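Spelled out, the chains give:
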Amino acid sequence: SENEELEEIASADLKYLLLPALLGALTLKQVDLSRRLEHLESARAHFWRFLKLCRSYGLGSFHLPPASPPGEEDAGSPSPGGPAAAQPSLVAMASSRQAKIERYKQKKELENRLASMRTSVESGQADEDQIREFYILQIQKWTNTSLEEIESIDQEMVILRSRGTAKQSSAPPHGTSRQVRPPLKPFILTRDAAQAKVFGAGYPGLPTMTVDDWYEQRRRQGVVSGQSAHQRTPGITDEELQKQQQEKKEEEEDEEALQKARNWDDWKDTHPRGYGNRQNVG
């Protein structure tokens, strides 16, 4: 109870004060990511309860964190007052850093003392005073661990809540859904109708489809437009299409050569032979 002193607790019962801290540590080991925020809140409540017990029994001097984690509205909101209001936050950061350094040094010292006493306590050779000191050192060690875990939990909860807010803002409005396209059935794509008959006879289990039929089907489904189909003419094979493209390319090259020759003739009409040659002029 809160109205008793540390001396009133039996040495063998001191270890039960560690129960909330151990529950918090086990809760943090849960791997269900969909309930991560819930696990963080539960673990923080266990750690805070342990720290409150230690504070009421006078086990260590530390600043008790707030009972509830920082709200979502406080995370990421700019501090009013501009640069003048940023000075207290810098002081708080410096004091927090110094407190972390002190806790780290104290944690190392406690671990060394616990390591030297663990063997005698676990073997049953230690007396009551040594057992009491051993469990008090354990409680002080978990006090520093709980303070560090609460600070880490508060930071992670802010990140998870901001991520949840971003997902809700980017979610589509209620009632709107993405257009679901029907799944494509397997088929054999052939070059022309004659090849479709050949493959259809050899593979009766799979339907055959020419390239033109495939483009037409995709165009009706709205997947491809008429321009993406290269404006194919039904009945034209790939070889004929390549031949047409080659002839078109040659015609364009001939036009470029003809235009170049015309420009050269025009230039010779206005510039006599030897124009601009000043090499042998004295």
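Going by what an unreviewed UniProt entry lists, the chain is known as IGBP1 protein and is assigned to Thalassarche chlororhynchos. One UniProt comment on the chain, placed under Sequence similarities (unreviewed entry), says "Belongs to the IGBP1/TAP42 family."

A. Inspection of the overall build of the chain at higher detail. Summing up its helical and strand segments, the chain has seven helices and two strands in all. Reading the chain from its N end, one meets helices and strands in the order α-α-α-α-β-α-β-α-α. Burial analysis of the chain (282 residues in total) assigns 23% to the buried set. Partitioning the contacts of the chain with sequence separation of at least 6, the portion at a separation of at least 24 is 58%. Carbon together with sulfur atoms contributes 52% to the accessible area of the chain, which is approximately 21200 Å² in total.

B. Quick look at the nonpolar core. Ranked by internal contacts, the top residues of the largest apolar core, which has 32 residues, are Leu6, Leu14, Leu17, Phe50, Leu59, Ile139 and Ile153. Those elements giving two or more residues to this core turn out to be helix H1 (19-28), helix H2 (36-56), helix H3 (83-122) and helix H4 (128-170). Considering each element in turn, this core owes the most residues, ten residues, to H4. Setting aside residues up to four positions removed in sequence, Phe50 forms contacts with Leu17, Leu18, Pro20, Ala21, Ile139, Trp142, Thr143 and Ser146.

C. Geometry of helix H6 (residues 211-221). Buried within H6 are the following residues: Val211, Asp212, Tyr215 and Arg218. Taken around the axis of H6, the buried residues stretch over an arc of 130°, which confines them to a single face.

D. Layout of the pattern of salt bridges. Tallied over the full model, the rule gives six salt bridges. Arg113 serves as the salt-bridge partner of Glu133, at 2.8 Å between the closest nitrogen and oxygen. Taken together, the residues span a long stretch of sequence, with Glu133 in helix H4 and Arg113 in helix H3 at a distance of 20 residues. Since its relative accessible area comes to 34%, Glu133 is described here as partly exposed. For Arg113, a relative accessible area of 34% corresponds to the partly exposed category.

E. Spatial organisation of H1. Where H1 is concerned, the buried positions are Pro20, Ala21, Gly24, Thr27 and Leu28. For H1, the arc enclosing every buried residue in end-on projection is 125°, short of the 170-degree limit, so these residues lie on one face. In H1, those exposed residues whose orientation departs by more than 90 degrees from the buried face are Leu19 and Leu26.

F. Representation of the side chain of Gln138 within the structure. Its place among the elements puts Gln138 in helix H4. Setting aside residues no more than four positions away along its own chain, Gln138 makes contact with Leu18, Leu114 and Arg118.

G. Inspection of the side chain of Arg36 at higher detail. With respect to the helices, strands and loops of the structure, Arg36 is situated in helix H2. Here the side chain of Arg36 touches Leu28 through a polar contact of 3.3 Å, landing on its backbone oxygen. A polar side-chain atom of Arg36 sits 2.9 Å from a polar atom in the side chain of Glu156.

H. Representation of the packing of H1 against H2. As a packed pair, H1 and H2 sit with axes 8 Å apart at the nearest point and diverge in direction by 165°. The angle between H1 and H2 falls in the class roughly antiparallel. For the pair H1 and H2, the sense of crossing is left-handed. On the side of H1, the interface is formed by Pro20, Ala21, Leu23, Gly24, Ala25, Thr27 and Leu28, while H2 contributes Arg36, His39, Leu40, Ser42, Ala43, His46, Phe47, Arg49, Phe50 and Leu53. Counted by class, the contact of H1 with H2 contains ten nonpolar, five polar and two charged residues.

I. A look at the confidence of the model for the chain. Here the chain averages 76 in pLDDT, while 69% of its residues score no lower than 70. Model confidence for the chain, summarised as mean pLDDT per element, is weakest for helix H5 (residues 193-202) at 59 and strongest for H1 at 94.

J. Up close: a negative patch on the surface. A cluster of acidic side chains, namely Glu247, Glu250, Glu251, Glu252, Glu253, Asp254, Glu255 and Glu256, defines a negative patch on the protein surface. Counting through the fold element by element, Glu247 comes out in helix H7 (residues 238-270). Using a relative accessible area of 39% as the deciding quantity, one classes Glu247 as partly exposed.

K. The arrangement of the packing of aromatic side chains in detail. This structure, assessed with the given rule, holds one aromatic pair. Geometrically, the ring pair formed by Phe134 and Tyr135 is edge-to-face, given 5.6 Å between the ring centres and 65° between the ring planes. Accessibility assignment for this pair places Phe134 and Tyr135 in one class, buried. Arg55 extends its terminal NZ or CZ atom over the ring of Phe62, reaching a point 6.0 Å from the ring centre.

Calculation criteria
Residues numbered from 1 in each chain as written. Predicted model: local features only at pLDDT ≥ 70, side-chain atom pairs only at ≥ 80, totals over all residues. Heavy atoms only, no water. UniProt positions renumbered as here; feature names shortened; annotations may be inferred. Helix = DSSP H or I, 4+ residues; strand = E, 2+ residues; numbered from the N terminus. Buried < 20%, exposed > 50% of the residue type's maximum accessible area, 1.4 Å probe, protein only. Contact = heavy atoms within 4.5 Å. Areas by Shrake-Rupley, 256 points an atom, 1.4 Å probe, with all protein chains shown as cover. Core = buried A, V, L, I, M, F, W, Y, C linked by side-chain atoms within 4.5 Å. Arc of directions from axis to C-beta. Salt bridge = Lys/Arg side-chain N within 4 Å of Asp/Glu carboxyl O. Polar contact = N/O pair within 3.5 Å; in protein donor to acceptor, adjacent residues only side chain to side chain. Axes fitted to C-alpha atoms, helices over the stretch in contact; angles between N-to-C directions. Parallel < 35°, antiparallel > 145°, perpendicular 65-115°, else oblique. Left-handed = near helix turned anticlockwise from the far one by under 90°. Nonpolar A, V, L, I, M, F, W, Y, C, P; charged D, E, K, R; others polar. pLDDT = per-residue confidence, 0-100. Patch = residues over 30% accessible without salt bridge, like charges linked within 9 Å, V, L, I, M, F, W, Y side chains within 5 Å. Lys, Arg positive; Asp, Glu negative; His and termini not counted. Charge placed at Lys NZ, Arg CZ, Asp CG, Glu CD. Phe/Tyr/Trp six-rings, centres within 6.5 Å; stacked < 30°, edge-to-face > 60°. Lys NZ or Arg CZ within 6 Å of the ring centre and 35° of its normal.

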